[in-house]
Amino acid sequence: MDGARAVSARVRQLLELPETQEAYERLCSEVERHDRLYYISYSPEITDFEYDLLYKKLKDMEEAHPEWRVPWSPTQRVAPPLPKGTGFQRVRHKAPMLSLDNTYDMGDLSAFDGRVRKALHKALGAPDAPEAAVRARFGYVVEPKIDGIGIEVVYEKGIMVLASTRGDGEVGEDVTRNVRTIRAIPVRLAEDVDIVVRGEIFMPFETFRKLNAARTASGQPEFMNPRNATAGTIHLLEPAEVASRRLGAFFYDVPDAQEDYYSQTLKFLNRLGVPVCPDIKKASDINELKEIVAWWENRRQDLPFPIDGLVVKVDSYAHRQILGFTSKAPSWAIAYKFRAERATTVLEGIEYSVGRTGVITPVARLEPVIISGTRVARASLHNWDIVRSLDVRIGDLVVVEKAGEIIPQIVGVAPESHERRSQGLTSPVVVPDTCPQCGTPLVTVHSASGRDRQEHTQVRCPNTLQCPGQIAGRLEYFVSRKGMDIRSIGPRLIRRLVDAGLVRSFSDLYLLSEEALLELDGIQNRSASNIVNGIRISKSRPLHRLVYALGLPYTGEVGARTLAQYFVSLDRMLMSPSLPDLPDRLKELDGIGEVAARAIDEYFDDVHNMRELSRLNLLGVSVPEKKASTGSLAGFSFCITGRLSRSREDVENLIRDHGGRVVKSVSGKLDYLVAGERAGSKLTKARKLGVRVISEDELYALAGM
Ligand code: IVH
C-alpha cells in the first residue's frame with residue numbers, strides 16, 4: 001500500500017471505537033490534539049490521510065447522534081457566511097491593548113535597559129518598596145515580534161466566547177466567527193479556566209505565496225504582504241474562506257496573569273494548549289540581550305512566518321508594576337525592530353531606463369540573490385548623483401538592501417571589491433550621451449525633485465514626440481491603475497504596439513481594431529477582443545482619471561481631482577486656453593502653487609496636447625466629473641491613521657469619491673479621524689483636540705456603503 005495511505009494501529013483503534021457518547025468525546029479530544037500538533041507544534045504524529053479518516057468518523061458520529069455534538073468539536077469551527085454588507089460588532093476591550101515603543105539599534109536598547117534599571121533601583125531602594133518586587137529576580141524575556149494583527153481572545157470555563165481585533169487599542173471588532181476557524185487557536189482549553197489572552201494572528205509565508213498565486217490566476221490584486229493578507233482575511237464574511245487561508249497565531253500577553261513571572265505565564269499558556277512563539281529566550285543583562293539579537297538576526301530568514309523584530313520584556317510582574325506605562329506603551333517592554341535585510345552580490349551591468357518624461361535612470365542588473373524571501377535581480381539606483389557618490393563600478397560586489405515592500409536598492413560597494421578592481425574585473429559606469437531608445441543626443445539638466453527637493457543631475461532625451469521609450473512610458477502611465485485602469489493592456493503589449501507602429505498617442509489606443517491586433521504574433525481572437533473591450537470600457541472613466549492619465553505636469557492623483565472638479569468635463573477643459581487668466585485661476589485651487597499653475601497653463605498652450613485632447617473628446621473618452629458637493633461625505637474632512645483592512649489609497653479614494661476631503665494631519669479643524677489598528681500619535685492628538693474619531697466601518701456607514 002502507498003505509505004501515505006497506511007493507517008497506524010493507534011488510528012485504527014480509534015476508528016473502531018464503538019458508537020457511544022464516551023467514545024465520541026474521546027475522538028473529539030484526539031482530533032483536537034492532532035490539530036494542536038499540526039498547527040501549533042508543527043509536529044504532526046499522523047498523516048493527513050489518517051487525520052481525514054478520524055475527522056470523518058467524528059462527523060459521522062455527530063450526524064448519527066446530534067445530541068452528543070459539543071460546540072468545541074473540531075467539526076464545528078466553520079459557521080455559514082454572513083450576508084453581504086454585514087459589519088462586525090464593535091467591542092470595547094476591558095483594558096486597553098497598548099502598543100510598544102520602538103528601537104532600531106543597540107544604543108537605544110542599552111538606553112532602555114539603563115532606564116529600567118535606574119527606575120527599579122530607585123523604587124526598590126525606598127523604604128516603602130513592595131515586598132514582592134524586592135524579592136523578585138530581575139531579568140528579561142525576549143521573543144519575536146510577529147508581523148500580523150493583534151487579537152484578544154476571551155475564554156470562559158475554558159471555552160472561547162469572544163475574539164476581537166485590537167482595533168484602535170480601546171475598541172476592536174468582534175471576529176469570533178472567523179477566529180474559531182483558525183485551527184492554531186483552541187476553541188476549548190485543556191483546563192476549564194476563565195482567562196483573557198492576547199496575541200497576534202499571522203499568515204505563514206507559504207500560505208501567503210499560494211494565496212497570491214491563486215489571486216493572480218483569478219485576476220484579483222495580490223496582497224502586498226502577509227500582514228495585509230491577514231487583516232483582509234480576518235475581516236471576510238465567509239468563515240469557510242477564512243478557514244482555507246490557514247492563519248497561524250501566537251499569544252504573548254495575559255492581562256490578568258496570576259503568576260509571578262511572565263515566563264511562568266508562557267508555560268501556563270502552553271499547558272492550556274494556547275500557542276506560544278517558539279524560541280523565547282531569557283536574558284539578565286545588556287550583553288545577553290545583544291547575543292540574543294545577533295542570534296535572531298541570523299535566523300529570521302529561516303522562519304516560516306513573518307516577524308519584524310524582537311520584543312524585550314521585563315519578566316517579573318512585580319517589577320512591571322513599578323515601571324508602569326506611558327500614555328500608549330508599557331515602560332517595561334520595548335520593540336527592537338530589525339533593519340532592512342541586506343545581501344552582497346555582483347553588479348553585472350547597468351540598464352538605462354527611459355521614462356515617460358524622457359529622464360534616463362540607471363537600473364542595476366544584479367547576479368540574482370534572495371533577500372527577505374524574494375529573488376532580487378534588479379535594483380534601483382535612482383539617479384546619476386547616487387552612482388557617483390556610491391562610486392560603484394560594473395563588476396563590483398555591491399550591498400543590496402530590501403525593506404518590506406520597498407524596491408531593492410544598492411546601498412554601497414562591498415570592501416571585497418578592491419581585489420576585483422585591482423584584478424581589472426570592473427569597469428566604470430558611464431553616463432550615456434545618446435538615448436538608448438532613439439539615439440537622440442541627450443541633454444543634462446539639474447533639477448530639484450523628490451520629497452527633499454534636492455538638486456539632482458538628470459539626463460534627458462529631448463525627443464519627446466518620437467522616442468519610443470517615452471511614448472511607451474506615457475502609454476503605460478495612461479493605462480495604469482490610477483489612470484484609465486485598462487487592465488487588458490500591460491507594459492509588454494504596449495511595447496509591441498509601439499514597435500509595430502500601431503499606437504503612438506493615447507487616442508490611437510481608442511482607434512485600435514481587433515484586426516490590427518491579430519496581425520501581432522501570438523494574439524488570438526479572444527485576447528484581441530478582450531483588449532479592445534477593455535479599452536472601450538475605459539471611455540466611461542470620470543474626468544479625474546483622464547487628467548491623471550494624461551500626465552499633466554505637477555499633477556498627481558490629488559491634483560487631478562482638483563483640476564477635474566474645476567473643469568468638470570473634457571469639453572470645458574478644451575476651452576481653457578481661451579481663458580486669459582488661467583494661471584491665476586489655477587493658483588486659487590487647493591494645493592496648486594505658482595509653479596504648477598504656470599506649467600499646467602503651458603501644457604494647454606501646446607498645440608500637440610490640445611490636438612490630442614480634442615481627439616479624445618471626439619472619441620467620447622471620459623465622463624464629466626461629479627461635483628464633490630453632492631457626495632455623502634461632502635463638506636467633511638478626514639484624516640486616516642493606523643492600519644485599515646483596505647489599502648490607504650483605496651480608502652482615500654473612497655472618501656474622495658463620496659465628496660469628502662482627505663487631509664494629512666490632525667488639527668482642530670479636522671472633522672473626522674479614521675483610526676485603524678495601531679493608531680498612534682494622531683489618535684492621541686485628535687482625542688486631545690476633541691476631534692471625532694471613527695472606525696473604518698463607521699466611515700463606510702457615513703459614506704452610505
Ligand atoms: S507585547 C503591553 N509581544 O506589536 C504589551 N506585542 O507594536 C504589548 N506584537 O500591539 C504587546 N508580537 O500587536 C507584544 N511578542 C509580542 C508581539 C507583539 C507582535 C504586536 C502587538 C502590539 C504591537 C506593538
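Residues numbered from 1 in each chain as written. Predicted model: local features only at pLDDT ≥ 70, side-chain atom pairs only at ≥ 80, totals over all residues. Heavy atoms only, no water.

## Quick look at the overall build of the chain
- When you go through the chain residue by residue, the secondary structure sums to 28 helices and 24 strands.
- Dimensions of the chain, computed from the C-alpha atoms along their principal axes, are close to 85 × 65 × 60 Å.
- Residue burial in the chain is summarised as follows: out of 705 residues, 47% are buried.
- For the chain, restricting intrachain contacts to residue pairs at least 6 apart in sequence, the fraction spanning at least 24 positions comes to 68%. (Helix = DSSP H or I, 4+ residues; strand = E, 2+ residues; numbered from the N terminus. Buried < 20%, exposed > 50% of the residue type's maximum accessible area, 1.4 Å probe, protein only. Contact = heavy atoms within 4.5 Å.)

## Remarks on the packing of aromatic side chains
- In the structure shown here, the tally under the stated rule is 20 aromatic pairs.
- Note on Y336 and F338: the rings are 6.4 Å apart at their centroids and 80° apart in plane angle, and the pair reads as edge-to-face.
- The exposure class of F338 is buried, given its relative accessible area of 9%.
- A connected cluster of aromatic rings, assembled from ring pairs, spans Y566, F567, Y603 and F604.
- When the ring centre of W332 is taken as origin, the NZ or CZ atom of R320, which lies over that ring, is 3.9 Å away.
- Stacked on the ring of Y700, the Lys or Arg R646 has its end atom at 4.5 Å from the ring centre. (Phe/Tyr/Trp six-rings, centres within 6.5 Å; stacked < 30°, edge-to-face > 60°. Lys NZ or Arg CZ within 6 Å of the ring centre and 35° of its normal.)

## What to know about the site of the ligand
- If you check the shell around the ligand, you find 16 residues, and the closest are E143, I146, E200, Y252 and K313.
- Contact between the ligand and E200: an oxygen atom at 2.7 Å from a side-chain N or O atom of the residue.
- Here the ligand, which alone exposes 520 Å², has 93% of that area covered by the protein.
- Elements with a minimum of two residues in the shell around the ligand: strand 3 (140-146) and strand 10 (307-314).
- With four residues, the top contributor of residues to the shell around the ligand is strand 3.
- Looking at the shell around the ligand, its residues break down into eight nonpolar, two polar and six charged. (Near = heavy atom within 4 Å. Polar contact = N/O pair within 3.5 Å; in protein donor to acceptor, adjacent residues only side chain to side chain. Areas by Shrake-Rupley, 256 points an atom, 1.4 Å probe, with all protein chains shown as cover. Nonpolar A, V, L, I, M, F, W, Y, C, P; charged D, E, K, R; others polar.)

## Considering the pattern of salt bridges
- Under the definition given, this model contains 40 salt bridges.
- The closest approach of N and O atoms between K337 and D308, which form a salt bridge, is 3.9 Å. Of this pair, K337 sits in strand 11 (residues 333-337) while D308 sits in strand 10, and the two are 29 residues apart along the sequence.
- Salt bridges sharing partners connect three or more residues here, namely R10, E30, R33 and E45. (Salt bridge = Lys/Arg side-chain N within 4 Å of Asp/Glu carboxyl O.)

## Topic: the sheet that holds strand 8 (residues 248-253)
- In spatial order, the strands read 5-4-7-8; together these four strands make up an open sheet with antiparallel pairing. Both edges of this open sheet fall to strand 5 (159-165) and strand 8, since each of them pairs with a single strand only. In this sheet, neighbouring strand axes are inclined to one another by 35° on average, regardless of whether the strands run parallel or antiparallel.
- Bridge count between strand 4 (residues 149-156) and strand 7 (residues 195-202): seven bridges; the pairing is antiparallel. Opposite E152, over in strand 7, you have R198 as the bridge partner. (Pairing = 2+ DSSP bridges. Axes fitted to C-alpha atoms, helices over the stretch in contact; angles between N-to-C directions.)

## So, the side chain of T555
- Structurally, T555 can be placed in the loop between helix 20 (543-550) and helix 21 (557-567).
- Apart from residues no more than four positions distant in its own chain, T555 is found in contact with Y477, V547, Y548, A560, L563 and I600.

## So, empty space enclosed by the protein
- As enumerated under the stated definition, the model contains two cavities of 30 Å³ or more in all.
- Lining the largest cavity we find E32, D35, R36, W72, P74, R77, R183, I185, P186, V187 and R188.
- Of the residues belonging to the lining of the largest cavity, the class tally is five nonpolar, no polar and six charged.
- Taken together, E143, P144, I146, F250, F251, Y252, Y262, C277 and I280 make up the full set of residues lining the second largest cavity.
- Contributing elements (two or more residues each) for the lining of the second largest cavity: strand 3 and strand 8.
- Split by residue class, the lining of the second largest cavity holds eight nonpolar, no polar and one charged. (1 Å grid on protein atoms, 1.4 Å probe; cavity = no way out; pocket = protein on both sides within 12 Å on 5 of 7 lines; lining within 4 Å. Points joined across faces, edges and corners; volume = space filled by probe spheres on them.)

## Thoughts on the pairing of strand 7
- Counting buried positions along strand 7 yields seven of eight residues, so the element is predominantly enclosed.
- Direction of pairing for strand 7 relative to strand 8: antiparallel, over a ladder of five bridges. Of the residues in strand 8, the one forming a bridge with I201 is A249.

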